[in-house]
Amino acid sequence: MSITGIKGMNDILPADSACWQFLEQQARTIFAAYGCREIRVPVVEKTELFCRSIGESTDIVEKEMYTFTDRSNHSLTLRPEGTAPVMRAFIQHKLYNTDQVSKLYYMGPMFRYERPQKGRYRQFHQIGAEIIGIDDPRIDAQVLAMLSHYFDAVGIDDVSLQINSLGCPQCRPGYRQALVDYLQQRLEQLCPDCQRRYLSNPLRVLDCKVAGCKQSTAAAPSVLDHLCGDCADHFTSVQHHLDLIDVDYTINNRMVRGLDYYTRTTFEMVTGSLGAQNAVAAGGRYDGLIEELGGPALPGIGFAMGVERLVLLLQERDISVPPPALFIAALGDNAVSAAFTIMHKLQRQGIHVEMDFGGKSLKAQMRRANKLGCRYTLLLGEDELASGTAQLKNMNDSSQNTLQLAGIEEQLRTVLDA
Ligand code: HAM
């Protein structure tokens, strides 16, 4: 029996890779305009990093991590997200000494042991950005502007931005208590999962998809009514600056995030087209995280987009790969060798050229050129070779031209560039 891949971990086949490259390239271009530079971190980290940053009582740490002991008995984990590893690298390499502000982006695979379904996988990919060193609400607006710029640029419009504020260590405990008090009176109506976690992680109850939990939390206290003065001002200013630059958003005071490091502004880019997996991008502020991980007390804000979900949304759009510029159809050993050399020289100049290696008839080679959608075919047989020429056929209008073999690469370039 042949060996198959692992459930929830997908191959990205050539038919889809143009779409992936497009999404990655757009991110590189757009993020650069906002001053972000790429950082690449390993896919494996010490388990402790994720426990300390994401939080022990989150779904990710409790039940979704790919954790294993290596041969030296160290507990390691395949990264379930990118923020914690990027902060670890930021602290370890003291990037704060190089510049007061670090604007970083990353892309790559993440791993979570979730139940696979459309839009949810065990190996999935994120493109993320993290801006470290500024707590000014204008940077929150900038980050959201960059995110919405990206969605505009890639042509995904079936999304909307939801924002919330989760407060800070000063005001969150008050809200948490108000929520626990509220939930305590409705414990019987909650699902077993929420009955278990309403004390350890009461905010997650607001996010529970079970109908009974949704119903019984409908009138739960709002986090926005419990913000301290500073957090309320910060959130108002974020909104003001989003308005100033025409970034659309709605406020969703029930949005809680599945990771514990968030403070103040949190947000999600949601879509109506992907069923239950409606968050295409998500993020927020994490002003205490760097210090918590042993670094200086610097604020940060960032987001990550789920690339598989972006690809699903882009599927209707035709991101086609250009066909080969030229097919060389050659017949006879000497002609094939000459064709091989011409192909090599043109490829060295960055031109996509194809030829047949199977010794097929001229007719079969022409069929292949047609199938590939080549704009031109160069015909080279023993007769042409003897006369030092080749025939160039325009595949659109079937017109044919005679080219001299001497300096043919230059002549072809001129035609192909036109
Ligand atoms: P997150 O909400 O856990 O946040 O994930 C961000 C995005 O990754 C989601 O909105 C979704 O599009 C995608 N995603 C998550 N899990 C899966 C999955 N199993 N399959 C497919 N896509 C998935 C974070 O990871 C934070 N690190 C974001 C952040 C960056 N916050 C601040 N900076």
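Here is a short report on the structure shown in this document. (Residues numbered from 1 in each chain as written. Predicted model: local features only at pLDDT ≥ 70, side-chain atom pairs only at ≥ 80, totals over all residues. Heavy atoms only, no water.)

### Points about the site of the ligand
Next up, step 1: Contacts to the ligand come from 27 residues, most closely from Glu-81, Glu-114, Glu-130, Arg-257 and Tyr-262.
Next up, step 2: The contact in question runs from an oxygen atom of the ligand to an N or O atom on the backbone of Ala-279, over 2.9 Å.
Next up, step 3: In the model, an oxygen atom of the ligand is placed 3.3 Å from a nitrogen or oxygen of the Gly-306 main chain.
Next up, step 4: In isolation the ligand exposes 660 Å². Once the protein is present, 96% of that is buried.
Next up, step 5: Contributions of two or more residues to the shell around the ligand are made by strand 6 (123–132), strand 10 (279–285) and strand 11 (300–306).
Next up, step 6: At six residues, strand 10 tops the list of elements feeding residues into the shell around the ligand.
Next up, step 7: Among the residues forming the shell around the ligand, the class breakdown is 13 nonpolar, seven polar and seven charged. (Near = heavy atom within 4 Å. Polar contact = N/O pair within 3.5 Å; in protein donor to acceptor, adjacent residues only side chain to side chain. Areas by Shrake-Rupley, 256 points an atom, 1.4 Å probe, with all protein chains shown as cover. Helix = DSSP H or I, 4+ residues; strand = E, 2+ residues; numbered from the N terminus. Nonpolar A, V, L, I, M, F, W, Y, C, P; charged D, E, K, R; others polar.)

### Things to note about the nonpolar core
Next up, step 1: Membership of the largest hydrophobic core comes to 98 residues, with the highest contact counts inside it found for Leu-23, Phe-31, Tyr-150, Phe-151, Phe-267, Phe-303 and Met-305.
Next up, step 2: It is helix 6 (residues 137–154) that provides the largest number of residues to this core, a total of 10 residues.
Next up, step 3: In terms of nonpolar packing, the next biggest core, distinct from the first, is built from 21 residues, Ile-328, Ala-339, Ile-351 and Ala-390 among them. (Core = buried A, V, L, I, M, F, W, Y, C linked by side-chain atoms within 4.5 Å. Buried < 20%, exposed > 50% of the residue type's maximum accessible area, 1.4 Å probe, protein only.)

### Quick word on unusual backbone geometry
Next up, step 1: A positive phi is found at Lys-94, a non-glycine position, where the angle reads about 50 degrees.
Next up, step 2: Looking at the secondary structure, you find Lys-94 in the loop between helix 4 (83–92) and helix 5 (95–98).
Next up, step 3: On the basis of relative accessible area, Lys-94 is assigned to the partly exposed category, the value being 44%.
Next up, step 4: Positive phi values are uncommon outside glycine, yet Arg-264 reaches one of about 50 degrees.
Next up, step 5: Relative to the assigned elements, Arg-264 resides in strand 9 (residues 263–271).

### Details of the environment of Ile-290
Next up, step 1: Summarising the element assignment, Ile-290 is placed in helix 12 (residues 289–292).
Next up, step 2: In this structure Ile-290 comes out as buried when scored by relative accessible area, which is 0%.
Next up, step 3: Linking Ile-290 and Pro-323, residues 33 residues apart in sequence, is a C-alpha distance of 48 Å.
Next up, step 4: The residues contacting Ile-290, other than those within four sequence positions of it, are Met-87, Phe-90, Ile-91, Ile-132, Gly-295, Pro-296, Leu-298 and Pro-299. (Contact = heavy atoms within 4.5 Å.)

### Digging into the sheet that holds strand 16 (residues 400–404)
Next up, step 1: Overall, mixed pairing links the five strands, which are arranged 13-12-14-15-16 in an open sheet. Of all the strands in the sheet, just strand 13 (353–355) and strand 16 have a single pairing partner and so form its edges. Direction aside, the axes of adjacent strands within the sheet are offset by 25 degrees on average.
Next up, step 2: Two strands pair when backbone bridges link them, and strand 12 (residues 326–330) and strand 13 are joined in this way by three bridges, in the parallel orientation. In the strand pairing of strand 13, Ile-328 is matched with Met-355.
Next up, step 3: Taken strand by strand, helix 17 (residues 408–417) contacts strand 12, strand 14 (376–380), strand 15 (389–394) and strand 16, and its axis lies near 145 degrees from that of strand 16. (Pairing = 2+ DSSP bridges. Axes fitted to C-alpha atoms, helices over the stretch in contact; angles between N-to-C directions.)

### Points about the pattern of salt bridges
Next up, step 1: The tally for this structure, following the rule as stated, stands at 17 salt bridges.
Next up, step 2: A salt bridge links Arg-204 to Asp-207, with the nearest nitrogen and oxygen atoms 3.4 Å apart.
Next up, step 3: Connected via shared salt-bridge partners are Asp-59, Glu-62, Lys-63, Asp-193, Arg-196 and Arg-197. (Salt bridge = Lys/Arg side-chain N within 4 Å of Asp/Glu carboxyl O.)

### What about the packing of aromatic side chains?
Next up, step 1: Scanning the model with the defined rule gives nine aromatic pairs in all.
Next up, step 2: For the pair Phe-31 and Phe-303, a centre-to-centre distance of 5.9 Å together with 80 degrees between the ring planes defines the contact as edge-to-face. You can see Phe-31 sitting in helix 1 (residues 14–33) and its partner Phe-303 sitting in strand 11, a full 272 residues away along the chain.
Next up, step 3: The class of Phe-31 is buried, set by a relative accessible area of 0%.
Next up, step 4: With relative accessibility at 3%, the residue Phe-303 sits in the buried group.
Next up, step 5: Here the aromatic cluster, defined as three or more aromatic residues joined through ring pairs, consists of Phe-31, Tyr-105, Tyr-150, Phe-151 and Phe-303.
Next up, step 6: Taking the ring centre of Tyr-113 as reference, the NZ or CZ of Arg-122 above it sits at 3.8 Å. (Phe/Tyr/Trp six-rings, centres within 6.5 Å; stacked < 30°, edge-to-face > 60°. Lys NZ or Arg CZ within 6 Å of the ring centre and 35° of its normal.)

### Focus on the environment of Tyr-105
Next up, step 1: Its location among the elements puts Tyr-105 in strand 5 (residues 102–111).
Next up, step 2: Taking the C-alpha atoms as reference points, Tyr-105 and Pro-192, separated by 87 residues in sequence, lie 39 Å from one another.
Next up, step 3: With residues up to four places along the chain from it excluded, the contact list for Tyr-105 reads Arg-28, Phe-31, Cys-36, Arg-37, Glu-38, Ile-39, Gly-128 and Ala-129.
Next up, step 4: Polar side-chain contacts of Tyr-105 include one of 3.2 Å to the side chain of Arg-28.

Any functional reading would require information that these geometric values do not contain.
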